[in-house]
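Structural description and commentary
Here is what each chain is made of, one letter per residue.
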Amino acid sequence: SECPQVLFLLRPDPRLVGLVAKQILAAERKRADKTNAVIFIPRRAEHCVQLLRQHNVFSCLDVHSLPFFLFPLDNDVISMEERNTFSNFHVQGDPTTLFNFAGGLLQLQELCGGVIPHIRAIGPAAKYVADSLMRLRREQQAALAEGGRGGAQGGSRLRSDGGLLSPGCAVGGDSDPLSCMGVLSDDSVLSCAPDPHAPLVPPVKHILHTQAVRAKTRIRPQGAEVSSGTGVGASTPFGALKTNAGETVGPSPSESPPSAFDPSASAGAAVGEEAGVWAPQIEVAVLIDRRVDLVTPLVTPFTYEAMLDLVFGISNSYVEVSGDILPPPAQQQKEKAGESPAPPPRAKKTKVSLNSNDRLYDEIRDKHISVLGPLLHSRAAEIQQAYKKKDTLKSLPEINEFMKTFKQLQADHGSLSTHVNLASHINKHAKEEQVFRQLQLEDEIMGGSHTNGPSADLVQRVEEIADSGAPVTEFLRMACMLSLASNGLKAKQMDQLRNACIQTYGFHELVTLLNLDSLGLFRLNQGRSTWDNVKSAFDLLAEEGKTPEGDVSEVCSGYAPLSVRLVQKLHSSPRGWRAYADSLNLLLGPALEVQQQAPHSSAASSAPSAGTGAAAAGGGKAAERQRERARDRGAMKRLDKDGKPTPTVVLVCFLGGCTYAEVAALRRLNQLEGRVRRYVVATTEMINSRTLLESLRPKMPSGTSIPLGSNLAAPYSVPLRGKFEW
């Protein structure tokens, strides 16, 4: 190539660094006069920089970092696309990805008009992200305060380019400010092992600076008069922080506010400065640890998109299909022309894009596979009828109008042909005898009562899956599902399934079994099963004939994802999760809520929020002030530029992976609630049962041995049932 500069964009992965080093050395051997630059996303790591030095290429390239955390997969889904986050945190004890996710939330807040007022979190990973977000905001406030007095000093962790420094790193000197792995070193803020009985991190007041001005939505209290009084920041200026001591940190009142806060400069300037208040676009963020709901990834989904992921595997919104299922476009054109091309010696794979830009796919992606046949047939009849219109055209204006829609008609025809082939293959897969037997076994496990442990018949049928030569992930899926529903297996039953796994799939799967045991997925019996209580408390299994049409349980043919029920319960009562404390005590804890101060908060409401355990226990004036602020927030209406109410945006964050069934269930929940809320999914990665279990299997080169006595349990492991506290 004749390009004078080569840019390498990569994750801080040692394997990728080795490939980059080989490319650079190969170019040097050819004496190519090029400049090289390595850009780590989202931040650089010292071990990768050391590898570049070991390969003797560090001196001939520039190393940078790009703080790009969340990538859009669709209109309502953003993801970090970081693999193995669940096992890295809960098994290996590495919180790097979760720290980066907290940095992504901080960046998202700045891009969406300020802090998210309400944060709800459940599970150890969710608590870690919430604490990291609070810590980063404190450091950002400190850096801005130092900058106002002449610039940030060496203790700041806010980079000048807007990126995030790792906790425990200092700016300046020879050390790399982005080299840490994200383990917090300040025990006064958060210890490495989360203590469910420790007081929760107090909320952080809001501070706004010019770089965070991105808001485009305003809120107006009901009955507010339009006036031209003094600005909102008359008592406390925008960008200022009111401390408990009464000091005001930030811009002085004499400083002019940013132009984005000028009501007269906006499109919807009907509200005056006193009544018009800028509000964040995201109202609520719900952080859900994947470990809180381990059943949903194991259950078979039945939506079209989820089945595509289960059968083919969706990667970065694309799926690769072999040529015998979906012929390449060139071969399809030859077949349409009547030619009979010779079959290729090796069928090439066809890559299919799966997103909302495809109108047909956007319509059928969340449909149950049982209704796909009639729906695709009706779309085919509509396209055929549209093609017949060309025979009735008589005038040039009619031809002109037809040609305007002809291009879209051809695109719909090609999309229909693609999805008919994919749906046919999925239907054939679902009708296989082995798949049908596993579905029957799954229904008995999920719907049965296992208070005193599973029956011998269920254990025998799970063992037969290994004997049939099924993939190891299928055997582990059913074994883990049986263990979760029974709160563990008896010692004799555990030995029976362990022996079947090791004898069929090899001794290296012993490491997988140890990892599953440390996570509570496949373990010895821990007492009476609470699965029946969880099912009834969260209404997980739908009763036939009593489920409303369009219920979230349709995505899994009768099973409602527990994570989606948690989101649903958050809005089903004015008290939120506090009204279901007994139910949440059945799940992995801790659970917490954080109230972040909004920029329009007055001095009277600048006291610490009552979202911590101490405030919840005491009540009093602080709790009363919190209830008053909640009523005030409920009396406010979000207005768009035309003055119409807009839906409340709820950001649902899955830490450790999200399934396509959960995305479909949240979209159905949006419709059930009358679209008064808009659910947006943010996740570390998209997963299914296969990818989740594969992440827990050992990744070893040939000839490598692992000592069987090594402790593989994570330092963050907590009891399966955590106390629900505030």
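Quantities reported herein were computed from a predicted structural model and do not represent experimental measurements.

Before going further, it helps to spend a moment on the overall build of the protein. Helices and strands together make up the secondary structure of the protein, namely 22 helices and 17 strands. Of all intrachain contacts in the protein linking residues separated by at least 6 positions in sequence, the fraction that spans at least 24 positions is 77%. When the accessible surface of the protein is summed, it comes to about 35,000 Å², and 52% of that surface belongs to carbon and sulfur atoms.

With that settled, the discussion passes to the pattern of salt bridges. Enumeration according to the criterion identifies 32 salt bridges in this entry. D551 serves as the salt-bridge partner of R565, at 3.5 Å between the closest nitrogen and oxygen. Taken as a pair, R565 in helix α17 (residues 562-572) and D551 in the loop between α16 (531-538) and α17 lie far apart in primary sequence, 14 residues in all. Judged by relative accessible area, D551 falls into the buried class, the value being 7%. Between E673 and R677 there is a salt bridge, and its shortest N-O distance comes to 3.1 Å.

Bridge count between strand β4 (residues 71-74) and strand β5 (residues 77-79): 3 bridges; the pairing is antiparallel. Pairing of P72 across the sheet is with I78, part of β5. Connecting β4 to the antiparallel partner β5 that follows it, the hairpin turn spans 2 residues.

The next thing to look at is the sheet that holds strand β2 (residues 35-40). Taken together, 3 strands build an open sheet; the order of strands is β1-β2-β3 and the sheet is parallel. Edge strands, defined here as strands with exactly one partner in the open sheet, are β1 (5-10) and β3 (61-65). In this sheet, neighbouring strand axes are inclined to one another by 20 degrees on average, regardless of whether the strands run parallel or antiparallel. Here β1 runs beside β2; their pairing, made up of 6 bridges, is parallel. From the neighbouring strand, L9 faces β2, where its bridge partner is I39. Contacts from helix α1 (residues 14-29) reach β1, β2 and β3 within the one sheet, and its direction differs from that of β1 by about 170 degrees.

Look at any regular strand and the pattern is simple: side chains alternate between the two faces of the sheet. Counting buried positions over the 5 residues of strand β14 (residues 591-595) gives 5, a clear majority of the element. Judged by which residues are buried, β14 turns out to be covered on both faces: A591, E593 and Q595 on one side and L592 and V594 on the other are all buried.

On to the packing of aromatic side chains, then. Counting across every chain of the model gives 5 aromatic pairs. Relative to F71, the ring of F68 lies with its centre 4.5 Å away and its plane at 40 degrees, an arrangement referred to as tilted. For F68, a relative accessible area of 34% translates into the label partly exposed. Overall, F71 belongs to the partly exposed group, its relative accessible area being 24%.

For the rest of this paragraph, the subject is α16. Count 3.6 residues to each turn of an α-helix, and residues three or four apart come out pointing the same way. Of all the residues in α16, the buried ones are W531, V534, K535 and F538. Here the buried residues of α16 occupy an arc of 100 degrees about the axis, which is enough to place them on one side. Of the surrounding secondary structure, the elements contacted by the buried residues of α16 are α11 (433-447), α13 (472-486), α17 and α18 (581-584). Positive phi appears at D539, one or two residues downstream of α16, with a value of about 55 degrees.

For the rest of this paragraph, the subject is the environment of V555. Inspection of the secondary structure puts V555 in the loop between α16 and α17. For V555, a relative accessible area of 0% corresponds to the buried category. For the pair V555 and A661, spaced 106 residues apart in sequence, the C-alpha separation works out to 6.0 Å.

Once that is clear, we can look at the environment of V652. By the element assignment, V652 lies in strand β16 (residues 648-655). By relative accessible area, V652 is classed as buried at 0%. Sequence separation between V652 and S563 is 89 residues, and the spatial gap between their C-alpha atoms is 9.6 Å. Excluding its chain neighbours within four sequence positions, the residues that come into contact with V652 are V286, I288, V567, L666, Y679, V680, V681 and A682.

Examined against the element boundaries, S483 turns out to sit in helix α13. Residue contacts for S483: discarding those within four places in its chain leaves G488, L489, L521, F522 and R523.

Attention now moves to the sheet that holds strand β17 (residues 677-683). Taken in spatial order, the 7 strands line up as β4-β5-β17-β16-β11-β6-β14 in an open sheet, and their pairing is mixed. A single partner strand is all that each edge strand has here, and the edge strands are β4 and β14. Neighbour-to-neighbour, the strand axes of this sheet turn through a mean angle of 20 degrees, independent of strand direction. For β5 and β17, the ladder comprises 3 bridges, and the chain directions are parallel. Its bridge partner lying in β17, S79 is registered against T683. Packed onto the sheet, α17 meets β6 (118-122), β11 (282-289), β16 and β17 and runs at close to 140 degrees relative to β11.

Right, let's talk about a nonpolar patch on the surface for a bit. A surface patch of nonpolar side chains, about 360 Å² in accessible area, is lined by L7, L9, L66 and F68. Note on placement: F68 falls in the loop between β3 and β4.

Before going further, it helps to spend a moment on the side chain of E305. Its place among the elements puts E305 in helix α6 (residues 304-311). Among the residues examined, E305 registers a relative accessible area of 3% and is labelled buried. Leaving out residues up to four positions away in the same chain, E305 has contacts with I314, Y361, R365, D366, Y660 and R667.

How each quantity is defined
Residues numbered from 1 in each chain as written. Predicted model: local features only at pLDDT ≥ 70, side-chain atom pairs only at ≥ 80, totals over all residues. Heavy atoms only, no water. Helix = DSSP H or I, 4+ residues; strand = E, 2+ residues; numbered from the N terminus. Contact = heavy atoms within 4.5 Å. Areas by Shrake-Rupley, 256 points an atom, 1.4 Å probe, with all protein chains shown as cover. Salt bridge = Lys/Arg side-chain N within 4 Å of Asp/Glu carboxyl O. Buried < 20%, exposed > 50% of the residue type's maximum accessible area, 1.4 Å probe, protein only. Pairing = 2+ DSSP bridges. Axes fitted to C-alpha atoms, helices over the stretch in contact; angles between N-to-C directions. Phe/Tyr/Trp six-rings, centres within 6.5 Å; stacked < 30°, edge-to-face > 60°. Arc of directions from axis to C-beta. Patch = residues over 30% accessible without salt bridge, like charges linked within 9 Å, V, L, I, M, F, W, Y side chains within 5 Å.

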